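Spelled out from the first residue to the last, the chains are:
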Amino acid sequence: MSVMSRPAPRLVIVVPCYNEEEVFSSCLTELRNSIKEMVQDNLIKKDSFLLFVDDGSCDQTWRCIREACAEGECIQGVKLSRNEGHQAALLAGLHVAGQHSDAVVSIDADLQDDVQAIRRMVKAYCAGYDVVYGVRDSRQTDTWFKRTTAEGFYHLMALMGVKQKFNHADYRLLSSRALKALLNYNERNIYIRGLIPLIGFPSLEVRYDRGVRIAGESKYPLRKMLALALEGITSMTVAPLRLIASLGFLICILSLLAILYILLIKITGHTIAGWSSVVLSIFFMGGVQMLSLGIIGEYIGKIYLETKHRPRFHIESVMENGAEK
Ligand code: UDP
Ligand code: MG
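If you're wondering where the values come from, they're calculated on a predicted model, not measured in any experiment.

> Residues and numbers for the overall build of the chain, please.
Within the chain, the regular secondary structure consists of 10 helices and 9 strands. What you see for the chain is a C-alpha radius of gyration of 25 Å, clearly larger than the 20 Å of a compact globule of 325 residues, by over 25%. Counting over 325 residues, the chain shows a buried share of 31%. Look at the contacts in the chain between residues 6 or more apart in sequence, and 85% of them connect residues 24 or more apart.

In structure tokens, the structure reads:
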């Protein structure tokens, strides 16, 4: 793969925030320092900036963002009209950033991802890479439950043929052309980390150790994690539908064999005893059918939502150059 070198970019760092008042000031300080240092080292252009996206928080997050924007020249903010979820908030930030940037980095507000890795991402961009994945080297700070479920999910996705970077979430750099390519995916059910490998372009991994959330609690409770996993599977692959079809086929074959067996023992004069086994298998098959219908229903629901072409987010306010618009 051929890569070319590029001049220092105008970098936008996009930070989705949902009820992050507790971490906001530390996050702002860290990221602002990082931008300042990179400007000093001529790694990025002077007009690079931070873009905070308030995902309909119900705490003081937007007030914090507004105050920061009013003080600092390298800070901008966008407020969504309601809580749309991490993926939609990130997408909104990427849409806004896309109009102003040569490269964009997305990072969570809680500083679990090592801010120092941004420098390495920018260097990779200057070396010609369009997509730079932040990959977690160690996840020891995540709970056992989170690590195990995440691992299981990555393997499940790989089994279903979805190309997804292991141990990579949404900490990454995208060049303007990679971002443009991503924004061309116009689907409503969005799973950004699944789409990135589909856009192609030269890519590189930057590895880092994942830390602990500096304050507050995870905004991804089990319910949201499961919803994201379901979104990931159903928006990236039809493998579950194929599995249902294969399962149906297998059950048909087994039933045919069972019928043959029953006919055989009938002919040889034995009677069939055991109603419970019959009733149990009826219940079991009922369960399989309900589950299958549920999975099919999930996909039909997705089609229904896609055909509506509903907007994925609404921007309520924008803080730009210290003023609210
Ligand atoms: N987030 C968001 N909207 C939501 C949930 C989360 O914008 O509905 C943001 C959150 O503020 C954070 C990022 O998404 O910046 C990742 O969330 P979190 O760190 O709580 O997830 P975890 O690391 O626990 O998986
Ligand atoms: Mg986090």
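> Let's hear about the site of ligand 1: which residues, and what values?
For ligand 1, the set of nearby residues contains 16 residues, the closest of which are P16, Y18, A109, S218 and K219. Tallied by class, the residues present in the shell around ligand 1 amount to 6 nonpolar, 5 polar and 5 charged.

> Please provide a residue-by-residue account of the UniProt feature "domain: Glycosyltransferase 2-like" (unreviewed entry) in the chain, values included.
Per the UniProt record, "domain: Glycosyltransferase 2-like" (unreviewed entry) is found at residues 13-180. Helix makes up 45% of residues 13-180 and strand 20%. Its end C-alpha atoms lie 16 Å apart.

> Just give me the short version of the pairing of strand β8 (residues 315-320), but keep the residues and values in it.
With 4 bridges connecting them, strand β3 (residues 75-80) and β8 associate as antiparallel partners. Counted as the bridge partner of V78 is V318 from β8. Sheet analysis places β8 next to strand β9 (residues 323-324), joined by 2 bridges and oriented antiparallel. Directly across from M319, in β9, lies its bridge partner E324. Hairpin connection of β8 to β9: 2 residues between the antiparallel strands, including N321 at a positive phi of 50°.

> Any details on helix α9 (residues 239-267)? Residues and values, ideally.
Spanning 29 residues, α9 covers 42 Å between terminal C-alpha atoms, matching the ideal 42 Å at 1.5 Å per step. Immediately downstream of α9, the backbone of G269 shows phi near 95°, a positive value.

> Explain the domain arrangement of the chain residue by residue, including any values.
Entries for the chain in the domain assignment read domain 1 (11-151 + 164-219 + 311-324) and domain 2 (239-308). Placing a centre on the C-alpha atoms of domain 1 and another on those of domain 2 gives a separation of 46 Å.

> Give a detailed account of the confidence of the model for the chain, specifying residues and quantitative values.
In the predicted model, the chain carries a mean pLDDT of 89, and 97% of its residues have values of at least 70. The least confident element of the chain is β9, whose mean pLDDT is 80; the most confident is strand β4 (residues 103-106), at 98.

> Tell me about the pairing of β4, residues and numbers included.
Taking every second residue as pointing to the same face, both faces of β4 are buried, with A103 and V105 on one and V104 and S106 on the other. Two elements, strand β1 (residues 11-17) and β4, share 4 bridges in a ladder whose sense is parallel. Bridging across to β4, V14 finds its partner in S106.

> Lay out unusual backbone geometry in plain terms, naming residues and giving numbers.
Phi at L111 takes a positive value of approximately 60°, unusual for a residue other than glycine. Tracing the backbone through its elements, the reader meets L111 in the loop between β4 and α4 (117-126). A tally of 20 C-beta atoms within 10 Å means that L111 is categorised as buried.

> I'd like a rundown of the nonpolar core, residues and numbers included.
I13, V14, V15, L51, V53 and M121 are the most contacted members of the largest nonpolar core, which has 64 residues in total. Per-element tally for this core: the top contributor is helix α3 (residues 86-98), with 8 residues. Aside from chain neighbours lying at most four places away, what touches V15 is C27, L50, L51, F52, V53, I107 and A109.

> Mind laying out the UniProt feature "transmembrane region" (unreviewed entry) in the chain, listing which residues take part and the relevant values?
If you check UniProt for "transmembrane region" (unreviewed entry), the listed places come out as residues 243-265 and 277-300 in our numbering. What you have in residues 243-265 is 100% helix and 0% strand, and the ends, taken at the C-alpha atoms, are 33 Å apart. A helix fraction of 100% and a strand fraction of 0% characterise residues 277-300, whose end C-alpha atoms lie 34 Å from each other.

> Account for the packing of helix α6 (residues 176-183) against helix α7 (residues 192-199), with residues named and values stated.
As a packed pair, α6 and α7 sit with axes 10 Å apart at the nearest point and diverge in direction by 115°. Between α6 and α7 lies a crossing whose hand is right-handed. In this structure, α6 contributes A178, A181 and L182 to the contact, and α7 contributes L195, I196 and I199. Its residues assigned to classes, the contact of α6 with α7 shows 6 nonpolar, no polar and no charged.

> Got a sec to walk through the sheet that holds β1? Specific residues and values, please.
One open sheet accounts for 9 strands, arranged β7-β5-β6-β4-β1-β2-β3-β8-β9; its pairing is mixed. The open sheet has two edge strands, β7 (203-209) and β9, and neither has a second partner. Where α6 meets the sheet, it contacts β4, β5 (131-138) and β6 (172-175), and its direction lies at approximately 95° from that of β6.

> Residues and numbers for the packing of α3 against α6, please.
Two numbers describe how α3 lies on α6: the axes approach to 10 Å, and their chain directions differ by 130°. In terms of orientation, α3 lies oblique with respect to α6. Considering how the two elements wind past one another, α3 and α6 form a crossing that is left-handed. On α6, the residues touching L94, H95 and G98 of α3 are L179, K180 and L183. Residues that form the contact of α3 with α6 fall into these classes: 3 nonpolar, 2 polar and 1 charged.

The rules we used
Positions within a chain are numbered from 1, following the residues in the order the chain's sequence is written. Chains and ligands are labelled by the order in which they are written, letters from A for the one and numbers from 1 for the other. Confidence filtering applies because this is a predicted model: local features only for residues at pLDDT of at least 70, side-chain atom pairs given and counted only at 80 or more, and all residues used for totals across whole chains, interfaces and linings. Secondary structure elements follow DSSP: runs of H or I no shorter than four residues count as helices, runs of E no shorter than two count as strands, and numbering proceeds from the N terminus. As defined in this context, the radius of gyration uses C-alpha atoms, and a globule is described by 2.2 Å times the residue total to the power 0.38. Exposed residues have 12 or fewer other C-beta atoms within 10 Å of their own C-beta, buried residues have 20 or more, and residues in between are partly exposed; the C-beta atoms are placed from the backbone. In this description, any two residues whose backbone-derived C-beta atoms lie within 7 Å of each other are considered to be in contact. Any residue qualifies as near a molecule or strand once its backbone-derived C-beta atom lies within 6 Å of it. Each residue is assigned to one of three groups, with Ala, Val, Leu, Ile, Met, Phe, Trp, Tyr, Cys and Pro labelled nonpolar, Asp, Glu, Lys and Arg labelled charged, and all others, Gly among them, labelled polar. UniProt positions are given in the numbering used here, feature names are shortened, and annotations may be inferred rather than shown by experiment. Any two strands between which DSSP finds at least two bridges are classified as paired. By this rule the span expected of a helix is its residue count minus one, scaled by 1.5 Å. Here the bounds of each domain stem from an automatic or database domain assignment. pLDDT gives the predictor's per-residue confidence on a scale running from 0 to 100. A set of buried residues qualifies as a nonpolar core if it consists of Ala, Val, Leu, Ile, Met, Phe, Trp, Tyr and Cys joined through C-beta atoms within 7 Å. Axis definition: a line fitted to C-alpha atoms, limited for helices to the stretch in contact. Angles are taken between N-to-C directions and run from 0 to 180 degrees. Handedness of a crossing follows from how the near helix is turned relative to the far one, being left-handed for an anticlockwise turn of less than a right angle and right-handed for a clockwise one. Oblique is the label for any angle not under 35 degrees, not over 145, and not in the 65 to 115 range, which are roughly parallel, roughly antiparallel and roughly perpendicular in turn.

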